[in-house]
Amino acid sequence: MPTSSLPSKVRSFGVKSVNTNKKLNNLCSVQKILNLSSQGHLKQAFHHLNILTRKGIRLDSKTLASLIQQCANSKSYREGKWIHFHLKTTGWKHPTTFLANHLINMYGKCGRHIEARNVFDKMTTRNLYSWNNMLSGYAKSGMVKAAKRLFDKMPEKDVVSWNTMVIAYAQVGYFNEALKFYREFRRLGVGFNDYSFAGVITACVKSRDFSLTGQVHSQVLVAGFLSNVVLSSSIVDAYAKCGKMSDARRLFDAMRVKDVLAWTTLVSGYSRCGDMVSARELFEAMPEKNPVSWTTLIAGYSHSGMSLQALELFSKMMKLQVQPDQFTFSSCLSACADIASLKHGKQVHAFLVNAGLRPNAIVMSSLIDMYSKCGNLEVAKRVFDTMGNKHDAVFWNTMLSALAQHGMGEEAIEQFFRMVKFGVKPNRITFVVLLNACSHSGLVQEGLSFFEMMTSNYNVPPDEEHYACIIDLLGRAGRFSEVLAQIKKMPCEPDDRIWNAVLGVCRIHGNVELGRMAAELLIELDPQSPAAYLLLSSIYGALGMWENVEKVRQLMNERHVRKEQAVSWLEIEQKLRPSFGCSQSNTLEKDTLTILQLLADKTEEDNLLHDSESFIHGGLDARGSNL
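Scoring rules and cut-offs
- Residues numbered from 1 in each chain as written.
- Predicted model: local features only at pLDDT ≥ 70, side-chain atom pairs only at ≥ 80, totals over all residues.
- Heavy atoms only, no water.
- Helix = DSSP H or I, 4+ residues; strand = E, 2+ residues; numbered from the N terminus.
- Buried < 20%, exposed > 50% of the residue type's maximum accessible area, 1.4 Å probe, protein only.
- Contact = heavy atoms within 4.5 Å.
- UniProt positions renumbered as here; feature names shortened; annotations may be inferred.
- Expected span 1.5 Å × (residues − 1).
- pLDDT = per-residue confidence, 0-100.
- Phe/Tyr/Trp six-rings, centres within 6.5 Å; stacked < 30°, edge-to-face > 60°.
- Lys NZ or Arg CZ within 6 Å of the ring centre and 35° of its normal.
- Axes fitted to C-alpha atoms, helices over the stretch in contact; angles between N-to-C directions.
- Parallel < 35°, antiparallel > 145°, perpendicular 65-115°, else oblique.
- Left-handed = near helix turned anticlockwise from the far one by under 90°.
- Nonpolar A, V, L, I, M, F, W, Y, C, P; charged D, E, K, R; others polar.

Engineer: Go over the environment of lysine 153 with me, naming the residues and quoting the values.
Structural biologist: Mapped onto the fold, lysine 153 is located in helix α8 (residues 144-153). Residue classification places lysine 153 among the exposed positions, given a relative accessible area of 58%. The spacing of lysine 153 and tryptophan 131 is 22 residues in sequence and 9.4 Å in space, taken between C-alpha atoms. The residues contacting lysine 153, other than those within four sequence positions of it, are Arg117 and Trp131.

Engineer: An account of the UniProt feature "repeat: PPR" (unreviewed entry) in the protein is needed here, citing residue identities and associated values.
Structural biologist: Taken from the UniProt record, the annotation "repeat: PPR" (unreviewed entry) applies to residues 127-161, 228-258, 259-289, 290-324, 360-390, 392-426 and 427-461. Secondary structure within residues 127-161 divides into 74% helix and 0% strand; the distance between the first and last C-alpha atoms comes to 13 Å. In this annotation, residues 427-461 is assigned 80% helix and 0% strand; the end-to-end C-alpha distance for the span is 10 Å.

Engineer: Outline helix α15 (residues 260-272), supporting the account with residue identities and numerical values.
Structural biologist: Taking 1.5 Å as the rise per residue, α15 with 13 residues should run 18 Å; its terminal C-alpha atoms sit 18 Å apart, in good agreement. Taking burial as the measure, the 13 residues of α15 include 11 buried ones, the bulk of the element. Listed as buried for α15 are Val260, Ala262, Trp263, Thr264, Thr265, Leu266, Val267, Ser268, Gly269, Tyr270 and Ser271. Buried residues along α15 sit against α13 (229-241), α14 (245-254), α16 (276-285) and α17 (291-303).

Engineer: Break down the confidence of the model for the protein for me, citing the residues and quoting the values.
Structural biologist: For the protein, the average pLDDT comes to 82, and 80% of its residues sit at 70 or higher. Low confidence marks residues 582-588, where pLDDT is under 50. Its contacts with residues over four positions away, or in another chain, come to nine contacts. Counted against residues more than four places away or in other chains, residues 607-627, with its pLDDT under 50, gives 14 contacts.

Engineer: I'd love a proper account of the environment of tyrosine 533, names of residues and values included.
Structural biologist: With respect to the helices, strands and loops of the structure, tyrosine 533 is situated in helix α31 (residues 530-542). With a relative accessible area of 0%, tyrosine 533 lands in the buried category. Sequence separation between tyrosine 533 and leucine 555 is 22 residues, and the spatial gap between their C-alpha atoms is 8.5 Å. Not counting residues within four places of it along the chain, the set of residues in contact with tyrosine 533 comprises Ile523, Pro527, Val552, Leu555, Met556, Arg559 and Val561.

Engineer: Explain the packing of aromatic side chains residue by residue, including any values.
Structural biologist: The geometry of an aromatic ring pair comes down to the distance between the two centres and the angle between the two planes. Evaluated as defined, the whole model comprises 27 aromatic pairs. Centre to centre, the rings of tyrosine 182 and phenylalanine 185 are 5.7 Å apart; their planes meet at 90°, and the pair counts as edge-to-face. Taken together, the residues span about one helical turn, with tyrosine 182 and phenylalanine 185 both in helix α10 (residues 175-188) at a distance of three residues. According to the relative accessible area criterion, tyrosine 182 is buried, its value standing at 6%. Their ring planes at 85° and their centres at 5.1 Å tell us that phenylalanine 252 and tryptophan 263 sit as a pair that is edge-to-face. Highlighted residues: phenylalanine 252 in helix α14 and tryptophan 263 in helix α15, separated in sequence by 11 residues. The exposure classification of phenylalanine 252 matches that of tryptophan 263, with both residues buried. Taken together, the ring pairs in this structure connect Phe151, Trp162, Tyr169, Tyr174, Phe181, Tyr182, Phe185, Phe192, Phe197 and Phe225 into an aromatic cluster. A cation sits over an aromatic face here: arginine 112 above tyrosine 77, 3.9 Å from the ring centre. When the ring centre of phenylalanine 120 is taken as reference, the NZ or CZ atom of arginine 126 above it lies at 4.3 Å.

Engineer: Got a sec to walk through the packing of helix α5 (residues 97-109) against helix α6 (residues 113-122)? Specific residues and values, please.
Structural biologist: Closest axis-to-axis distance for the α5/α6 pair is 8 Å, and the angle between their directions is 165°. By the angle between their axes, α5 is roughly antiparallel relative to α6. Both α5 and α6 take part in a crossing whose hand is left-handed. Judged by residue contacts, Ala100, Leu103, Ile104, Tyr107 and Gly108 of α5 engage His113, Glu115, Ala116, Val119 and Phe120 from α6. Grouping the amino acids of the contact of α5 with α6 by side-chain chemistry returns seven nonpolar, two polar and one charged.

What follows is the structure in structure tokens.
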């Protein structure tokens, strides 16, 4: 039956039903878009948004703001830009303050501050949230000068504005400015919250200022925010960075609530101080561990020279199926390099490949360093050559260091010029490595040229480490007058690195007078360091001045200076074991000495056999001279 023939009431009811169905369908489409975007399927969400647009349906501000927020959370710049374009084409050419604030936030989180500023500048009406949003974008990107200019223009400032500036300055290392802003807003009485202490605590952690840490700790306590786990953990970290582990532990023990971050922070503090016993005890007591906790302890063992313990802990971590991160692999590879264990290094490399992680710059550099220190320079080169992105100076510095360690100074110089040609700017470490390479390969003139090139071509001012390298370079060549001239040219007082370098070259050339002077100055700088005493003793010994050797030894005994115990690593029954040169008290040491004696005896037998054969066949001794 035609619709026109239906009664008017029925016809109107049918129209209402159609309209209701359309509204329901539209609502379902909008909900579908929101669901897809919240699940991270932004492309699919925008496909459905296009369908609605073609139907002439415009979304409300709240829905659009939700989509923009999803783009901000996932840092999806491309999709966020598309939403902005959608606004312009659907009658939102000048978005409301509410939508504009969301756009500024999205562009800021995506690191697109020019676009954020364009939206901000075009706003007809700005509220305090608009200003703070723009300020936060600058601050998070470290653009403190732009943040300060905007802050000065703000018609109104609240506690969020001041907090943002304190944090901004603290994060980029401008601690005095951060403290200045903190003191000023506390004096103005604009109010404060728990975030108000975040910036100043960051300054405490980075500056390692114990006095400032104590003051901030007191203020947080008085303000009643010490129950905030993040703030308390940060203060624990600040005390630990200052080397005040007793204060860090006291605050940690007083915390009523401790999360995994708090426990890991203290483990990290003990590890950094080299107290691995306390670090391990705390680690074992943790009620919950995450990959960062495991990595922190592994890194502590590695940096403390306890490489076997680091690798054993990594093995346990793998058995428990705890997912390692990039820093875990970097620490383990450093441990393998430290004991020159190629077998273990290859195993860690295999774990890295199987984990499916894409190695970052630090891990790739650790791989190059490990293969190089394990004697496999060719594989180290292959790792370097297979890297796609070589625009990080860390890669090149590590490869230069590998070549220097193997005495390949000329190849290191060639690699340096390849680095420059590739467009990578050398830094201070580049020149430290390069000068060392020249020093150990006897390339004196080349080293001096690079020392001059640092400032003239690359604007890298030489520091104590560079001067120590150049002194070592000249000293190895026996050019002691130039060594003294370089020391006089230094813009600062020579430190222990300089006198260690002087002492080392004096030992090589038997320069007793200069060696004695360097040793005395070194002992004055660090009376408990055995290096100066031992090197001075070696100089006297090489010249047969045994009375002076005895005097140095007596001085060491009087001052209770002990020589560090030498250690070698032997693989016995597929296990790495340490061998200490000065001890014969245990079975391992006796077994090691027996093995070495057998090898020595075998070598002697081979030499005797070689000598007898040489005599029979050619009348030559083992050195090739006529008998």
